[in-house]
Amino acid sequence: MKATADSSVSNSKNWLSVDSAPTNSAYQATEQVVAGFSRGGTGTLSFSTVAIPVQALRLYDSGATTTTVPATPAQVTGRTALAGTPAFQSGAADFSGTNEVALDFTVQSWSTTIRLNQSNMASAAKDLSKVTRDELLSALNNRISASFALAGIIEAGLDDAGRLQFTTLDVGAAATVSVGNSFPSAGHTAMDIGIAGGVVTQLWRPVALPSSPYTALDLSGSNTRTITIDDGQTSTTVTLGASSAPPPADITAVTNLEVVAMLNTALQAQGSTAGSYASTIAATSTDYVNFYGGPVGPTATLTISGPDAVAFGFVSGYTINGTSSTTVTPGYTASGSNPGSITTRGLLDTVDGSTGMAVGQIAIAGLVGTAGDATLRAIITQVDKAIAAAVEAGTTLGAIKTRIDGQMGFIDTLMKANGRTVGTLVDADIEEESTKLKALQTQQQLAIQALSIANSGSQTVLALFR
C-alpha cells in the first residue's frame with residue numbers, strides 16, 4: 001500500500017503520499033487546479049479553479065500536521081449492524097410474543113433500565129410482529145425521553161454502518177455513558193439488538209447422581225445386571241454380562257470405570273443419546289456411576305429404572321430434569337474528550353490514541369483476554385472510521401474529476417465551434433474577393449475594347465478624306 005501511494009505521481013504532484021512538515025514549502029494543504037476559463041467583453045481571460053483538499057486525501061504523511069479538534073460527546077456503539085443481529089435476522093423484529101429488549105444505562109451518576117416489549121411497543125409499531133429499525137429507534141428515544149435519569153442527556157441513533165449508537169448530548173471528558181444488556185423481566189425472553197455484553201442462557205443436560213456408592217459387580221458366569229435409561233426421547237435397556245464389551249480386567253470385580261465403558265458401548269450401539277461417566281471421591285476412595293441425558297434444558301428429563309438400578313446406586317424410577325443458567329456479560333463504557341490539538345498524519349499512518357497503532361500497522365496476534373477484546377473493538381472502530389474517511393475522500397475526488405471533465409468537454413466543444421466559425425468566415429471572404437476580382441477584370445477588358453473601338457473610328461474618318 002505504501003509503495004502504491006508513493007508511486008501515485010501525476011504532473012510532478014503526489015496527493016496520497018506527502019510531507020506536510022512546516023519546513024517543506026512545496027506542500028500545500030489545499031491545491032488549486034484550473035477547471036475552466038472565460039473571456040470578458042474587453043477580451044480579458046479569467047480562469048476558474050477547483051480546490052483539492054490534499055490534507056483530507058493523504059494516505060501517508062512523512063511529516064506531521066497539528067490539527068485543532070473540538071470537544072466530543074461520549075458514544076457507545078453496538079457490536080454489529082442491526083440488520084445482522086438475531087432480532088432482525090428475518091428483516092424485522094418480532095415483539096408480538098414474549099421477546100424483550102432490556103438495556104442497563106449509567107449516565108454520569110444516574111442508572112436505570114429501559115425495556116421494550118409487547119406492552120410498550122404497541123404505540124410505536126404498526127405491526128408488532130414486524131417492527132422496523134426506524135420504529136425500534138423511535139421507541140428507544142421515546143423511552144429515553146420518558147426516563148427521569150436519561151431525558152435530555154443521551155439519544156439513540158444509527159452510525160454509518162447501521163449499528164445502534166447511544167450519544168450524550170453534553171461534550172467533554174465529564175460526559176460518560178455505559179450501556180449493556182440486562183436480565184429480561186419475568187415471563188419475557190431476551191432479544192439481542194447488537195449491544196455489547198448480553199444475557200447468555202446456557203441449557204444443561206439432566207445429570208443423574210446416585211444416592212449410594214458403586215460396588216464392584218461380579219459378572220462372571222450367568223450373572224447379569226439390567227438397567228433402563230430413558231432420556232425423554234428413547235428408552236434404552238442395557239443388560240451387562242460376561243460377554244459385554246469391552247471386557248474388564250477381572251470379570252468378578254468390574255470397576256466403575258470398566259462398567260461405564262460397557263454401558264456407553266451398549267447405549268451407543270442402540271442409538272441412545274444418553275451416556276454415563278465414572279467419578280471417585282479421592283478422600284474416601286468412594287466410586288460412583290453417573291448418567292446424563294441427551295436433550296438439554298429444563299424440559300429435558302432423565303429416568304433411571306430397571307430391576308438392577310440399585311446395583312448402580314439408584315432407586316428404580318429416579319427422575320431428574322435438565323437445567324438452565326443465565327448470565328449477563330459487561331457492556332460498553334465510553335467518555336467524551338475535551339477540546340485540544342492533535343498531531344495527525346495520513347489516513348493509514350496516524351497512530352490512534354485508543355489502540356496505539358496506525359491502520360497501516362495493525363497487528364492483532366498478541367491480543368489476549370479481556371484487554372485484548374477491548375483493544376480489538378477499538379481497532380474495529382478505528383478501521384471503520386478510516387474506511388469512512390477514504391470513501392469520503394474518494395467521493396470528493398470523483399466530484400472534482402466530474403467537474404473538471406465537464407469543463408474540458410465544454411472547452412473542447414467551444415474550440416471546435418470557434419474553428420468552424422473562423423473557417424466559415426474565411427471561406428466567405430475569399431468568395432467575395434474573387435467576385436470583386438472578376439468584376440475588375442471585366443471592367444478592364446471592356447475599357448480596352450472601348451479604346452480599341454475609338455481608335456479604329458478615327459482611322460475610318462481619315463480614310464474618307466483621302
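The coordinates are above.
Basis of the calculations
Residues numbered from 1 in each chain as written. Predicted model: local features only at pLDDT ≥ 70, side-chain atom pairs only at ≥ 80, totals over all residues. Heavy atoms only, no water. Core = buried A, V, L, I, M, F, W, Y, C linked by side-chain atoms within 4.5 Å. Buried < 20%, exposed > 50% of the residue type's maximum accessible area, 1.4 Å probe, protein only. Helix = DSSP H or I, 4+ residues; strand = E, 2+ residues; numbered from the N terminus. Salt bridge = Lys/Arg side-chain N within 4 Å of Asp/Glu carboxyl O. Expected span 1.5 Å × (residues − 1). Contact = heavy atoms within 4.5 Å. Pairing = 2+ DSSP bridges. Axes fitted to C-alpha atoms, helices over the stretch in contact; angles between N-to-C directions.

**Student:** How would you summarise the nonpolar core if you had to cite specific residues and measurements?
**Tutor:** The tendency in soluble globular proteins is for nonpolar side chains to be buried side by side. Phe-95, Ile-154, Phe-166 and Ile-193 are the most contacted members of the largest nonpolar core, which has 38 residues in total. Going through the elements one at a time, strand E6 (73-81), strand E7 (99-107), strand E8 (110-116), helix H4 (133-145), strand E9 (154-158), strand E10 (163-171), strand E11 (176-181) and strand E22 (332-335) are the ones with two or more residues in this core. Take this core: its biggest share by element is 5 residues, from H4. Counting 24 residues, the second-largest nonpolar core is a separate cluster that includes Tyr-214, Ile-227, Val-238 and Leu-302.

**Student:** Any chance you could break down the pattern of salt bridges for me, citing the residues and the numbers?
**Tutor:** Tallied over the full model, the rule gives 6 salt bridges. Note that Arg-163 and Asp-384 form a salt bridge whose closest N and O atoms lie 3.3 Å from each other. Remark: Asp-384 occurs in helix H6 (residues 369-464) and Arg-163 occurs in strand E10; sequence separation between them is 221 residues. Through salt bridges with shared partners, one network takes in Asp-159, Arg-163 and Asp-384.

**Student:** Outline H4, listing residues and values.
**Tutor:** For H4, built from 13 residues, the straight-helix expectation of 18 Å at 1.5 Å per residue is met to within 8% by its first-to-last C-alpha distance of 18 Å. The complete set of buried residues in H4 reads Glu-135, Leu-136, Leu-137, Ala-139, Leu-140 and Ile-144. Close packing links the buried residues of H4 with E7, E8, helix H3 (118-121), E9 and E10.

**Student:** Which residues make up the sheet that holds strand E14 (residues 207-208), and what values do they have?
**Tutor:** Strand pairing in a sheet relies on backbone hydrogen bonds, with the paired strands running either antiparallel or parallel. In space, the 3 strands of this open sheet follow the order E14-E18-E17, with antiparallel pairing throughout. Of all strands in the sheet, those with a lone pairing partner are E14 and strand E17 (275-281), marking the two edges. Judged from the 7 bridges that link them, E17 and strand E18 (residues 286-292) form a sheet pairing that is antiparallel. Looking at E18, one finds that Tyr-277 is bridged to Asn-290. Sheet strands touched by helix H5 (residues 256-269): E17 and E18. Its angle to E17, the strand with the most contacts, is close to 170°.

**Student:** Can you break down the pairing of strand E2 (residues 30-39) residue by residue, with the values?
**Tutor:** In terms of strand pairing, E2 meets strand E3 (residues 45-53) through 9 bridges, oriented antiparallel. Residue pairing across strands places Val-34 opposite Thr-49, the latter belonging to E3. Where E2 folds back onto E3 in an antiparallel hairpin, the turn is made up of 5 residues, including Gly-43, whose phi is positive at roughly 90°.

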